[in-house]
Amino acid sequence: MPVTSIFALLCKDTLPQTHKETKQICRNISHHRLLYVFLQSVNHQKQFLDMNKSSATIMAAALMLASSCTEVKQEGQGYEPIIGKQEITIKDGRLTPEALWAMGRIGSSSVSPDGKQIAYTVSYYSVKENKSHTVIYVMNADGTNNLLLTHTADSEVEPTWIKGGSKIAFLTAASGSMQIWEMNPDGSERKQLSSYEGGIEGFKFSPDESKVLFISQVKYGQRTSDIYPDLDKASGKVINDLMYKHWDEWVTTAPHPFIADFDGNGISNVVDILEGEPYESPMKPWGGIEQLAWNTTSDKVAYTCRKKTGLEYAISTNSDIYVYNLNTKETKNITEENKGYDTNPQYSPDGKYIAWQSMERDGYEADLNRLFIMNLETGEKRFISKAFESNVDAFVWGADAKTIYFTGVWHGESQIYALNLANDSVKAITSGMYDYEGVALFGDKLIAKRHSMSMGDEIYAVALDGLATQLTQENKLIYDQLEMGKVEGRWMKTTDGKQMLTWVIYPPQFDPNKKYPTLLFCEGGPQSPVSQFWSYRWNFQIMAANDYIIVAPNRRGLPGFGVEWNEQISGDYGGQCMKDYFTAIDEIAKESYVDKDRLGCVGASFGGFSVYWLAGHHDKRFKAFIAHDGIFNMEMQYLETEEKWFANWDMGGAYWERQNPVAQRTFANSPHLFVEKWDTPILCIHGEKDYRILANQAMAAFDAAIMRGVPAELLIYPDENHWVLKPQNGVLWQRTFFEWLDKWVKKAPSE
């Protein structure tokens, strides 16, 4: 592009104000992608050039652009659009599916060594392209000077400050596979640091930066072509043990931790810590680099691993923390005596201790997640979070190694706590109707993401006295156009005389003199909290925007109300938790503004099971049901699910154990046994890549309803798992969800 062309553009009286205008101008000027990205970035930051500045400054910007621009193909000829920040106009202040998918979603963050800058990621989505794109920003410690660093169509993730803060390392597949790259804090001088075959999924540089620890997949098990080399095109799988599938994949690889030398320019001398071993570290399906840790002297690595395969793996949660010595090549299990999950090790800054999260019982994935530390000199171990009768969800050592900060849920809110290692006392730092997620050191403060039922994640600085300062404003332009419904907590007396916290979300412009259709929300998990969560699918505010009141009880079997409350649900799926659901909807139905003749019931996973169960027991309370990824037939679920430890613990055993009263009670409460009582329209939703709860559960429920003469609809996704992740599928989910409720609940005649 001629310099004069860019100069003319920069000197226009008015620079482009919208994404659409920016895109059109850049198409008209030789289709230069970098200029388009540059202008989009400028528009995003609201930092347009001051036309009163000297022409020399403008010319310098023009020269920089001209020298950097590279041509790209036109649309229709292999052109790959860059998915960036979306613009949307909201009508009537009501949240819509399109508005949810237009929101940027903040991911990981990293604070520079001097504490003056923060690098973080944002994922943007395009419904039209049905794709997402993750970019890296950097901002000052006070949230100012927010700068977009990455300008390619490839996603860039996991920004990490290295080389004293002079560089930011990150992952991108720009070279064809995910590799470690570096760039300056202004996004310039991008350089590839690794070229590891098979790609890299996560990384941590050693404290002295002489080495890098990274994750890569290795082959697991035999392929059909290994058994029969002449059948290399056969698609059949020969299976002879369990755990052949996990979450949404057929298991053909296992993640391993690797250590490589790093000389500042690249990696070399790569070593697989688990070479020749068929185990996972980190553990599937969600484990990442947080399950691995360097010690302070850069000569040891602690890693999380469940050294089991097949049936033994499928029935056990017994993972351990192993320490690998780089000098001796020896590995030591430091948690062998504990039989439940041990995960996420972190060394103290002074190098004297190691901390990790620990569950006591084998096979119980929802056991109390405790925080342990071990004195590295004496080997003494201590359960330090006893004073907090809920899960430690994330943690970080204080700089002086005398305090550990962690997040945990209590009474429907996830707050940040300080644990004093002098006496193991726990003190809440934050408060309010929010959920804090993750926590890291930020100078003399902390940094974390925060969300609520009324706002998605933003990054906050949190002072140790609890003062929280919002640093990012990623979706302010969207929130400014929205009117959110009121959220309030109510304590209700249950059938067994206990108190239950129930969230109630009201429509925008709520009028207590009107009557509103009302939805009972059934939580999944089953032991996942109904806290101040923000979801891009199960979003309470979009339900409220459609003029529904939502009732979301913290029924039996949820953390944040003590161990007894959390554990009551195990082996009792059709028991007290279902009575709690009835308590919640019956109590709210007493309100004059709730139309008791227009009630609906919705939920996913265990919430989907709840919907199927309630459909056979609701005594005509509800006008419609929606079940997503729910269990319909408990006997089939026991055999179909991949993580058998979950089925064994929650169901109490196998259905063929006739002398096992807990198991027999569980299977006697299978929803499919009560289909003859179904009398209410039901929508069944499921993904065919869901290997936690197979899609035939929804198909069977749908078929049963149709054969019973009950109005029913099936929304099936061949390409989705237990969640719905693709933008167009997400919009379809929302439209189908509300069309069903509007038809059978909102428009139902009052009796």
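Scoring rules and cut-offs
Residues numbered from 1 in each chain as written. Predicted model: local features only at pLDDT ≥ 70, side-chain atom pairs only at ≥ 80, totals over all residues. Heavy atoms only, no water. Salt bridge = Lys/Arg side-chain N within 4 Å of Asp/Glu carboxyl O. Buried < 20%, exposed > 50% of the residue type's maximum accessible area, 1.4 Å probe, protein only. Phe/Tyr/Trp six-rings, centres within 6.5 Å; stacked < 30°, edge-to-face > 60°. Helix = DSSP H or I, 4+ residues; strand = E, 2+ residues; numbered from the N terminus. Pairing = 2+ DSSP bridges. Patch = residues over 30% accessible without salt bridge, like charges linked within 9 Å, V, L, I, M, F, W, Y side chains within 5 Å. Areas by Shrake-Rupley, 256 points an atom, 1.4 Å probe, with all protein chains shown as cover. Axes fitted to C-alpha atoms, helices over the stretch in contact; angles between N-to-C directions. Expected span 1.5 Å × (residues − 1). Contact = heavy atoms within 4.5 Å.

What follows deals with the pattern of salt bridges. Scanning all chains against the criterion turns up 35 salt bridges. Here Lys-445 makes a salt bridge to Asp-444, at a shortest N to O gap of 3.6 Å. When its relative accessible area of 34% is taken as the criterion, Lys-445 is described as partly exposed. We classify Asp-444 as exposed; its relative accessible area is 60%. For the salt bridge of Asp-480 with Lys-476, the shortest nitrogen-to-oxygen distance reads 2.7 Å.

This brings us to the packing of aromatic side chains. On inspection of all chains with the given rule, the structure shows 51 aromatic pairs. Aromatic pair Trp-101 and Tyr-125: ring centres 5.2 Å apart, planes at 75°, arrangement edge-to-face. Here Trp-101 is found in helix 5 (residues 97–102), whereas its partner Tyr-125 is found in strand 2 (residues 117–126), with 24 residues between them in sequence. For the pair shown, Trp-101 and Tyr-125 are each scored as buried. Members of the aromatic cluster, joined through ring pairs, are Phe-521, Phe-533, Trp-538, Phe-540, Trp-733, Phe-737 and Phe-738.

Once that is clear, we can look at the pairing of strand 25 (residues 413–420). With 7 of 8 residues buried, strand 25 is to be regarded as a mostly interior element. Linkage of strand 24 (residues 403–410) to strand 25, two consecutive antiparallel strands, is achieved through a turn of 2 residues, within which His-411 is found at a positive phi near 55°. Both strand 25 and strand 26 (residues 425–428) contribute to a ladder of 4 bridges, which runs antiparallel. Opposite Leu-419, over in strand 26, you have Val-426 as the bridge partner. What sits between strand 25 and strand 26 in their antiparallel hairpin is a turn of 4 residues, with Asp-424 showing a positive phi close to 60°.

With that settled, the discussion passes to a nonpolar patch on the surface. On the surface, Ile-227, Tyr-228, Leu-231 and Val-238 cluster together into a nonpolar patch covering about 350 Å² of accessible area. Locating Val-238 in the fold gives a position in the loop between helix 6 (224–227) and strand 11 (245–246). Given a relative accessible area of 53%, Val-238 falls into the exposed group.

Quick look at the sheet that holds strand 15 (residues 292–294) now. Paired through their backbone hydrogen bonds, the strands of a sheet run either parallel or antiparallel. Strand order in the open sheet formed by 4 strands is 15-16-17-18, and the pairing between neighbours is antiparallel. Looking at strand neighbours, the two that pair on one side only are strand 15 and strand 18 (331–333), the edges of this open sheet. The sheet shows a mean angle of 20° between the axes of neighbouring strands, direction not considered. Across 3 bridges, the pairing between strand 15 and strand 16 (residues 300–305) is antiparallel. Directly across from Leu-292, in strand 16, lies its bridge partner Tyr-303.

Its 13 residues give helix 16 (residues 696–708) an end-to-end C-alpha distance of 18 Å, which sits within 8% of 18 Å, the value for a rise of 1.5 Å per residue. Buried-residue contacts for helix 16 involve helix 12 (606–615), helix 13 (634–640), strand 37 (682–687) and strand 38 (712–717). Once helix 16 finishes, Gly-709 follows within two positions and takes phi at roughly 85°, a positive value.

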